[in-house]
Amino acid sequence: MKIITESRPTGAIEAQALVTYAFEEEPISGRIAEIDQAAGGLLKRLASGGELTGKMLEMTLIHAPAGLKAERLLVVGAGKKEKFNSGELRKLAGAALRYLKTRGVKRIAFLVRETDANAASAEAVTEGLLLADFEADKYKTGKKKSEPIEWAALAGWDGASGADKAIECGRIIAESQNFTRELANEPSNIMTPKVLAERAAEMAREQGLACEILDENRIEELKMGALLSVAQGSVEPPRVIAITYTPVNPAPNSPVLGLVGKAVTFDTGGISIKPAADMDKMKFDMCGGAAMIGVMRALAMLKPSVKVIAIIPATENMPGGKAQKPGDIQIAMSGKSIEVLNTDAEGRLILADGITYARSLGVTHLVDAATLTGAIVVALAGINTGVFGTNQAFTDKLLVSAKAAGEKMWPMPMDDEYRDMVKGTYADIQNISNGKGGGSITGAMFIREFVDDVPWVHLDIAGTAWYDDTKPWMPKGATGVAVRTLIDLAMNFTSAK
Ligand code: BES
Ligand code: ZN
Ligand code: ZN
């Protein structure tokens, strides 16, 4: 989809559909009122008849609107004005695109409201459109359900808003998030640890990033016992993917951001096997790793001033004849001993070695993303990503980035009292808690054992990495969550702490 800017006055814009949006309290105001005047009061009539209320994502489609060159006018409900932000704008633009796409429209003009004539809005609309145009139909044969959009023209900017640059940034970000979604949507028979590593290496080559793939021999040499314990139940060998972005003139002693992503390409649970119902979803258990690969793709083009290293431990979790068994004791790369009481709590095991490896490469700050616990879905449903952090300043920084990126994230507690719940009986620590409750917190506490005093944030994306149903703004499947937040974090990561 081409995205261009349009500077003609609203009435002169040529497109198959002109899209704009109305707020709940005052659906006919500002630019909508201008369109209404040109259309002889049609919109006012629709509003008084209850067909145009401004309610969030309401679609009012008018064919051959008087006073407009465009073939159609689509007014999307934007909800309450005081709650409206760039996150809502991103969704709304995506919902409009998908609504029009199913009606055969291929050329769209998107008119922002008078209060949104700025670069941040141009970026949000660009992202919303490109994320919505993504379809997970790679393996469907025959005619596809809908044809891709040819172009979208962004209208309503004031001359100084820098919309062209914002569109370019928005495209890099959205296409990187879509790259993550592509990787994550692949079934596990295609997306093995080896293939994930190849795809990451190919991306790194194309983008000029340094990339090193550790194979099973190297992983053994490095004594990554926690990762190996998960991998030993599978015939597919594990990989550790290391991608590095180095800025052109890195200042001496400047911070190094480490991004560690869980990539279990399929999680059967191992010997502590999962129930059959919905087990197919566990191909999504590499969404954290896929997110980090997408982030690195974007950073290669956006060029932040900070060095960033992504570490992605990749493995299957299978119940093969050599699989680890409940009660087994493993020695992690850090030297800590772990009692594996449940082989289904495997994400924290592979993150442990991923984090130790990242630290050996000199990272000063760490963020990990993982589809770690079913418990976070109980706590926050599919709405918010769970955020766990021990360093308040760094955690706050991440939450600011999440807000800017329009990704909902919510802080979770990390009190020292929870630490006792992962203390081991026969080893230093155990991979599940003896007590009841707090499953996502104890997961985070386990990971913390490998972080020590490095400022660190853990993102539990088990609820937000996948849409079980199609949303108006996105098809079902991988969402690419955390990609935009982490890009924003890296781009604004100028000072330490
Ligand atoms: N990949 C799962 C987490 C998960 C479960 C995501 C359900 C989405 C839906 C993870 O490896 C896992 O199985 N975690 C266990 C941990 C438990 C054994 C302490 C869980 O959440 O049940
Ligand atoms: Zn598991
Ligand atoms: Zn898992």
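In this text the structure is predicted, and so the values were computed from the model without any measurement. (Residues numbered from 1 in each chain as written. Chains lettered and ligands numbered in written order. Predicted model: local features only at pLDDT ≥ 70, side-chain atom pairs only at ≥ 80, totals over all residues. Heavy atoms only, no water.)

**Structural notes on the overall build of the chain**
Secondary structure summary: the chain contains 14 helices and 20 strands in total. A compact globule built from 497 residues would reach a C-alpha radius of gyration of about 23 Å, and the chain, at 24 Å, matches this within 12%. Structurally, the chain occupies a C-alpha span of about 80 × 55 × 45 Å along its principal axes. By residue count, 57% of the 497 residues in the chain fall in the buried class. Restricting the contact set of the chain to residue pairs at least 6 apart, pairs at least 24 apart contribute 78%. Element-wise, carbon and sulfur atoms account for 51% of the exposed surface of the chain, whose accessible area totals about 20100 Å². The centroid of the 56 positive side-chain charges in the chain is displaced by 3 Å from the centroid of its 61 negative side-chain charges. (Helix = DSSP H or I, 4+ residues; strand = E, 2+ residues; numbered from the N terminus. Rg over C-alpha atoms; globule rule 2.2 N^0.38 Å. Buried < 20%, exposed > 50% of the residue type's maximum accessible area, 1.4 Å probe, protein only. Contact = heavy atoms within 4.5 Å. Areas by Shrake-Rupley, 256 points an atom, 1.4 Å probe, with all protein chains shown as cover. Lys, Arg positive; Asp, Glu negative; His and termini not counted. Charge placed at Lys NZ, Arg CZ, Asp CG, Glu CD.)

**Examining the site of ligand 1**
The environment of ligand 1 is made up of 16 residues, and the closest members are Asp267, Lys274, Asp344, Glu346 and Gly374. Asp344 is positioned such that a nitrogen or oxygen atom in its side chain is 2.8 Å from an oxygen atom of ligand 1. Here ligand 1 loses 77% of its free accessible area of 510 Å² to cover by the protein chains. Its residues assigned to classes, the shell around ligand 1 shows five nonpolar, four polar and seven charged. (Near = heavy atom within 4 Å. Polar contact = N/O pair within 3.5 Å; in protein donor to acceptor, adjacent residues only side chain to side chain. Nonpolar A, V, L, I, M, F, W, Y, C, P; charged D, E, K, R; others polar.)

**Considering empty space enclosed by the protein**
Inspection of every chain in the model, using the stated rule, returns two cavities of 30 Å³ or more. Those elements that place two or more of their residues in the lining of the largest cavity are α5 (163-185) and α9 (287-302). Per-element tally for the lining of the largest cavity: the top contributor is α9, with three residues. Per-class residue counts for the lining of the largest cavity are six nonpolar, three polar and no charged. (1 Å grid on protein atoms, 1.4 Å probe; cavity = no way out; pocket = protein on both sides within 12 Å on 5 of 7 lines; lining within 4 Å. Points joined across faces, edges and corners; volume = space filled by probe spheres on them.)

**What to know about the coordination of the zinc ion (ligand 3)**
In the first shell of the zinc ion (ligand 3), the protein supplies Lys262 (NZ), Asp267 (OD), Asp285 (OD) and Glu346 (OE), at 2.0 to 2.4 Å from the metal. Read in sequence order, the donor residues coordinating the zinc ion (ligand 3) give the pattern K-x4-D-x17-D-x60-E. Separating the zinc ion (ligand 3) from the zinc ion (ligand 2) is a gap of 3.2 Å, bridged by Asp267, which donates to each. Residue Lys262 is found in the loop between β9 (256-261) and β10 (263-267), and its partner Glu346 is found in the loop between β13 (337-340) and α10 (347-360); the two are separated by 84 residues along the sequence. By the burial criterion, Lys262 is buried, and Glu346 matches it. (Donors = N, O, S within 2.8 Å, 3.2 Å for Na, K, Ca; no water.)

**So, the packing of aromatic side chains**
The geometry of two aromatic rings is summed up by the distance between their centres and the angle between their planes. In the structure shown here, the tally under the stated rule is eight aromatic pairs. Between Phe394 and Phe493 the ring centres are 6.0 Å apart and the planes differ by 80°, which places this aromatic pair in the edge-to-face class. Residue Phe394 is found in helix α12 (residues 392-405), and its partner Phe493 is found in the segment after α14 (483-491); the two are separated by 99 residues along the sequence. The pair formed by Phe394 and Phe493 is uniform in burial state, with each residue classed as buried. Plain terms: the ring middles of Tyr467 and Trp473 are 6.4 Å apart, the flat faces sit at 80° to each other, and that makes the pair edge-to-face. Residues Tyr467 and Trp473 agree in their burial class; the two are buried. What links up through ring pairs into an aromatic cluster is the set Tyr21, Phe23, Phe84 and Phe110. (Phe/Tyr/Trp six-rings, centres within 6.5 Å; stacked < 30°, edge-to-face > 60°.)

**Remarks on the nonpolar core**
By size, the foremost hydrophobic cluster in this structure holds 60 residues, and its most contacted members are Leu196, Ile243, Leu259, Ile293, Met296, Leu459 and Leu486. Looking at this core, the element that brings in the most residues is α9, giving eleven residues. In terms of nonpolar packing, the next biggest core, distinct from the first, is built from 46 residues, Val264, Leu380, Phe388 and Met412 among them. (Core = buried A, V, L, I, M, F, W, Y, C linked by side-chain atoms within 4.5 Å.)

**Focus on the pairing of strand β2 (residues 17-22)**
Burial within β2 is extensive, with six of its six residues counted as buried. Burial along β2 is two-sided: the face carrying Ala17, Val19 and Tyr21 and the face carrying Leu18, Thr20 and Ala22 are both buried. Relative to strand β5 (residues 107-111), β2 runs parallel, the two sharing three bridges. Its bridge partner being in β5, Leu18 is matched across the sheet by Ala109. Judged from the five bridges that link them, β2 and strand β4 (residues 72-77) form a sheet pairing that is parallel. Across the sheet, residue Leu18 finds its bridge partner in β4, namely Leu73. (Pairing = 2+ DSSP bridges.)

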